Amino acid sequence: MRAVRTARALVLLLCAAAGCAVAQPPAAAGAGASTTVTRARSISHPIWRELSAEQREALKPLAGDWDKFDVARKRKWLEIAAKYPNMSPEGKQRLHERMPQLARLTPEQRETTRENFQRAYSLPPDQRQQLTQRYQDLPDERKRALAAQTQTQARAKRPAPPRRPATVAREASAVQATH
């Protein structure tokens, strides 16, 4: 658990220093999601019951969502499941604790998280440890402020939502009418 906190602290500190964003897990989705879309996504293989007992044990926290994942996400999780037997008991426990949160990240949040960890682990170990220690020595209120700052930066970097075709057509006809 300490290693997870240390890694997260390092990423937050590096991101605050570099002005980058840290992916945060999305808020719980509403129950109004389209069941048709969910069913269409749930067809990708392998489905949960097709996994081996070892894979199901490694991926147990994802059991309820597994059949909704696309093939690429399933492939990534299966790569992690292959490493599971060689993990320490503490590592297995940490993985199971973090799995649901990681599975809920959007593709953009996963990419941001991946980039942040790559940036953090590209540093020499002694420098990484030094930054981690500096972060851990900060008062809790400063840590919360850094987390809030990175969330604000992440929101600011999000692209504008795509405009609907009807809106674009209406705007185009309005421009033509004025000329």
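Structural notes, computed from the coordinates. A quick note: this is a predicted structure, and the numbers were derived from the prediction, not measured.

**Structural notes on the pattern of salt bridges**
Tallying each qualifying case throughout the model produces 3 salt bridges. With a shortest N-O distance of 3.7 Å, Lys-68 and Asp-65 are connected by a salt bridge. Judged by its relative accessible area of 40%, Lys-68 is partly exposed. Put simply, Glu-111 and Arg-114 hold a salt bridge, and the shortest N to O gap is 3.1 Å. With Glu-111 and Arg-114 both in helix H6 (residues 107-121) and 3 residues apart, this pair spans about one turn of that helix.

**A word on the packing of helix H4 (residues 71-83) against helix H5 (residues 89-103)**
Helix-helix packing: each pair is described by the crossing angle between the helix axes and the interaxial distance. Axis separation between H4 and H5 bottoms out at 13 Å; the angle between their running directions is 170 degrees. Taken together, the axis directions place H4 and H5 in an arrangement best described as roughly antiparallel. Judged by residue contacts, Arg-73, Trp-77 and Ile-80 of H4 engage Leu-95, Met-99, Leu-102 and Ala-103 from H5. For the contact of H4 with H5, the per-class residue count stands at 6 nonpolar, no polar and 1 charged.

Calculation rules
- Residues numbered from 1 in each chain as written.
- Predicted model: local features only at pLDDT ≥ 70, side-chain atom pairs only at ≥ 80, totals over all residues.
- Heavy atoms only, no water.
- Salt bridge = Lys/Arg side-chain N within 4 Å of Asp/Glu carboxyl O.
- Buried < 20%, exposed > 50% of the residue type's maximum accessible area, 1.4 Å probe, protein only.
- Helix = DSSP H or I, 4+ residues; strand = E, 2+ residues; numbered from the N terminus.
- Axes fitted to C-alpha atoms, helices over the stretch in contact; angles between N-to-C directions.
- Parallel < 35°, antiparallel > 145°, perpendicular 65-115°, else oblique.
- Contact = heavy atoms within 4.5 Å.
- Nonpolar A, V, L, I, M, F, W, Y, C, P; charged D, E, K, R; others polar.

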